[in-house]
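Chains, contacts and geometry: an overview
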Amino acid sequence: MVLLHVLFEHAVGYALLALKEVEEISLLLPQVEECVLNLGKFHNIVRLVAFCPFSSSQVALENANAVSEGVVHEDLRLLLETHLPAKKKKVLLGVGDPKIGAAIQEELGYNCQTGGVIAEILRGVRLHFHNLVKGLTDLSACKAQLGLGHSYSRAKVKFNVNRVDNMIIQSISLLDQLDKDINTFSMRVREWYGYHFPELVKIINDNATYCRLAQFIGNRRELNEEKLEKLEELTMDGAKAKAILDASRSSMGMDISAIDLINIESFSSRVVSLSEYRQSLHTYLRSKMSQVAPSLSALIGEAVGARLIAHAGSLTNLAKYPASTVQILGAEKALFRALKTRGNTPKYGLIFHSTFIGRAAAKNKGRISRYLANKCSIASRIDCFSEVPTSVFGEKLREQVEERLSFYETGEIPRKNLDVMKEAMVQAEEAAAEITRKLEKQEKKRLKKEKKRLAAMALASSENSSTPEECEETSEKPKKKKKQKPQEVPQENGMEDPSVSFSKPKKKKSFSKEELVSSDLEETAGNVSLPKRKKSFPKEEPVSDLEESGNKSVPKKKRKLSKEETLSSGPEEPAVAKNSGSKKKKKLRKLSQQD
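Overview of the structure. (Residues numbered from 1 in each chain as written. Predicted model: local features only at pLDDT ≥ 70, side-chain atom pairs only at ≥ 80, totals over all residues. Heavy atoms only, no water.)

**Focus: the overall build of the chain**
We apply this condition: Helix and strand assignments come from DSSP, with helices taken as H or I runs of at least 4 residues and strands as E runs of at least 2, each series counted from the N terminus. Each residue gets one of three labels from its accessible area relative to the maximum for its type: buried under 20%, exposed over 50%, partly exposed in between, using a 1.4 Å probe on protein chains only. Two residues qualify as a contact provided that any one of their heavy atoms is within 4.5 Å of a heavy atom in the partner residue. All accessible areas in this document rest on Shrake-Rupley with a 1.4 Å probe, and a residue is counted as covered only by the protein chains that are shown.
Along the backbone of the chain there are 28 helices and five strands. Across the 595 residues of the chain, 34% fall into the buried class. Taking all contacts inside the chain whose residues are at least 6 apart in sequence as the whole, residues at least 24 apart take part in 68%. When the accessible area of the chain is evaluated, it comes to approximately 37,300 Å², of which 55% is carbon and sulfur surface.

**Focus: a nonpolar patch on the surface**
This is how the line gets drawn: The patch calculation keeps residues exceeding 30% relative accessible area without a salt bridge and links them within 9 Å when they carry like charges or within 5 Å when they are nonpolar (Val, Leu, Ile, Met, Phe, Trp, Tyr). We define a salt bridge as a side-chain nitrogen of Lys or Arg found within 4 Å of a carboxyl oxygen belonging to Asp or Glu.
A contiguous nonpolar patch, built from Trp 192, Tyr 195 and Met 254 and spanning about 350 Å² of accessible area, is present on the exposed surface. Topologically, Tyr 195 is positioned in the loop between α9 (166–194) and α10 (199–203).

**Things to note about the packing of helix α12 (residues 228–235) against helix α13 (residues 238–249)**
Helix packing geometry: the angle between the two helix axes and the distance between the axes. Inclusion rule: Where helices are involved, their axes are fitted lines through C-alpha atoms of the stretch in contact, as for all axes, and angles between N-to-C directions lie from 0 to 180°. Under this scheme an angle from 65 to 115 degrees is roughly perpendicular, one under 35 degrees roughly parallel, and one over 145 degrees roughly antiparallel; angles in between are oblique. In this scheme the crossing of two helices becomes right-handed for a clockwise turn of the near helix relative to the far one and left-handed for an anticlockwise turn of less than a right angle. Amino acids outside the nonpolar list (Ala, Val, Leu, Ile, Met, Phe, Trp, Tyr, Cys, Pro) and the charged list (Asp, Glu, Lys, Arg) are all regarded as polar, and Gly is one of them.
One way to put it is that α12 packs onto α13 with a least axis distance of 8 Å and a crossing angle of 130°. The angle between α12 and α13 falls in the class oblique. The handedness of the crossing between α12 and α13 is right-handed. On the side of α12, the interface is formed by Leu 228, Leu 231, Glu 232 and Thr 235, while α13 contributes Gly 238, Lys 240, Ala 241, Lys 242, Ile 244 and Leu 245. Within the contact of α12 with α13, the residues separate by chemical class into five nonpolar, two polar and three charged.

**What about unusual backbone geometry?**
Even without being a glycine, Met 236 presents a positive backbone phi close to 55°. Residue position: Met 236 is located in the loop between α12 and α13. Note on Met 236: relative accessible area 76%, which makes it exposed.

**Points about the packing of α9 against helix α14 (residues 258–292)**
Their axes nearest at 9 Å, the elements α9 and α14 cross at an angle of 155°. Here α9 is positioned roughly antiparallel relative to α14, judged by the angle of their axes. In the crossing of α9 with α14, the sense of the turn from one axis to the other is left-handed. Its residues assigned to classes, the contact of α9 with α14 shows 22 nonpolar, six polar and four charged.

**Focus on the nonpolar core**
Most often, soluble globular proteins keep nonpolar side chains buried together rather than apart. Quick reminder of the rule: Residue types Ala, Val, Leu, Ile, Met, Phe, Trp, Tyr and Cys, when buried and joined through side-chain atoms within 4.5 Å, form a set referred to as a nonpolar core.
Core analysis: the biggest nonpolar cluster contains 46 residues, and Leu 296, Leu 299, Ile 300, Ile 309, Leu 318 and Leu 372 have the highest contact counts within it. Ignoring sequence-local partners within four residues, the contact set of Leu 318 consists of Leu 296, Leu 308, Ile 309, Ala 312, Val 326, Leu 329 and Ser 380.

**Some thoughts on a positive patch on the surface**
Defined as follows: Charge convention: Lys and Arg are scored as positive, Asp and Glu as negative, and His as well as the terminal groups of each chain are ignored. To locate a charge, take atom NZ for lysine, CZ for arginine, CG for aspartate or CD for glutamate.
A contiguous patch of positive charge, built from Arg 437, Lys 441, Lys 444, Lys 445, Lys 448, Lys 449, Lys 451 and Lys 452, is present on the exposed surface. For Lys 451, the location among the structural elements is in helix α23 (residues 417–492).

**Topic: the sheet that holds strand β1 (residues 3–9)**
What counts here: Two strands are said to pair when DSSP picks up at least two bridges between them.
Read from one edge to the other, the open sheet built from five strands follows the order β3-β2-β1-β4-β5, with strand pairing classed as mixed. Because the sheet does not close on itself, it has two edges, and the strands there are β3 (46–53) and β5 (111–113). Looking at each pair of strands side by side, their axes are set apart by 25° on average, direction ignored. Where strand β2 (residues 13–19) meets β3, seven bridges bridge the pair, whose relative direction is antiparallel. From the neighbouring strand, Leu 17 faces β3, where its bridge partner is Leu 48. Those strands touched by helix α6 (residues 98–107) are β1, β4 (91–94) and β5, and its axis lies near 170° from that of β5.

**Structural notes on the packing of aromatic side chains**
What counts, and what does not: Side-chain rings of Phe, Tyr and Trp (the six-membered ring for Trp) are treated as a pair once their centres are within 6.5 Å; stacked means planes under 30 degrees apart, edge-to-face means over 60, and tilted covers the remaining angles. In this scheme, Lys NZ or Arg CZ marks a charge over a ring once it lies within 6 Å of the ring centre and within 35 degrees of the ring normal.
For the coordinates displayed, the defined rule picks out eight aromatic pairs. Relative to Phe 267, the ring of Phe 185 has its centre 5.8 Å away and its plane inclined at 70°; by these criteria the two rings are edge-to-face. With Phe 185 in helix α9 and Phe 267 in helix α14, this residue pair connects regions lying 82 residues apart in the sequence. Of the residues examined, Phe 185 reaches a relative accessible area of 32% and is grouped as partly exposed. An angle of 50° between the planes, with centres 6.4 Å apart, marks the rings of Trp 192 and Phe 267 as tilted. With Trp 192 in helix α9 and Phe 267 in helix α14, this residue pair connects regions lying 75 residues apart in the sequence. Pairwise contacts between aromatic rings join Phe 8, Phe 51 and Phe 129 into one cluster. The ring of Tyr 210 carries Arg 190 above its face, with NZ or CZ at 4.7 Å from the centroid. Sitting above the plane of the Phe 216 ring, Lys 227 keeps its charged end 5.9 Å from the centroid.

Shown next, in the form of structure tokens:
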């Protein structure tokens, strides 16, 4: 018997469920469909076989993208290969999306089914999913769905910034609006300034040039030979400049006040600025079209190509249209009127503005428009789906349209499409390689600049960190001087070094008894006269002991002791002298007893 399994994709992971042995016909009964709403009855029909949770939101997004594109992800492959029976002929897998079902059947070999019973079961699984999986609550499932929905939408909206066709749509719309406004305002300037200088309208036809001249001339009575050179610069024609000068001398216009001239000049300056902005916008549109749709712009022109993209809504929509739709794009009213009245349908729409249809004869306009629409459809698809945009295909397609035009006029047989496309493929590969090389160079330059910037930042931070260290070093130097000061003070007072105090007892041991007795007598006699030398022995010996046994981390205590000793040395001198004399007498007595 064939076992029916159901695959359910959720924001938290994949779930594989198995249906208990129930006939498929009985599942379609309305009573059984109502049982899907009841959890207890639904458990009698479906049991959870395996659940594979996603490790992170990034993995969930990757799996969601794979399912939407009809690709079997590695996580899904592992789940199905692990938990489905080995005998694939006895397994029927129910899925919600036919695309992923076809991919599973092609890659893994399991028979997949969609719709009908599977849709009802998935509806019940979706309703009771948080009860089927242990540890999953309804709130956490909703949060996971919301987070995955946001990240999935954000990923779908992301696109290449340099290939944005929305900017083209807005630019061409603004360009058309500016053309209308500039024409309207120029007519207003012509009427207004025509009261004063009516002959200028017949001499100058261009709107922007007329506004510049109206702004420059002002009062026609002030126009003289000195301004002739400037007039030639504005009109770019010496004959017209001379005609304007002659007309100003014999003009039939009315006189105008200074206030009216100020208003006319200010308004004409606005029109001139609008016309200049229109030119800059047109150059911007050309650069954008060369980035987004280079083949289409090379074939039919930037303005017509941008109008086709704007009318279709996007470059992707234009690429999806067939050639017959592209041919009449922009002539929808005429088409539906013809269908309603059963008249002749229009032969062309927006592509009529291209130069090819104007150059063709009247009897060939329909044929060349059909051929041109075909080539426009190919060019838009190349631009939309190619990774590296290049204008090679557009140039080759334009050559084909030119050959077709000459074929209609002279009968010269054009080249075959296959040969032209082979040439275009070779040139496109070379152009793509060159573009990628340029991009790599730009990326290397950018990385070098980034490294230099980071190195400069690191150097600056190291300099900032080194300044407090220098301050610490300078603060440590006086400390060392302070350590040396208490050692220098006793030397100035006549005290001996600790090294001298240690070396003297060693020499005493080698002295004879008579010398010791004589030295003792001398010291007892000079207790009052030489107190400083007698007090140095007991005082410096403990200091030297401290220096040998003490740690390096307590130099301040030593300094405090030395200072106190130096302060207290004055009044304690006679007591120290007496103690030293009594100790030496005891030593002499011991030596005499030993002898």
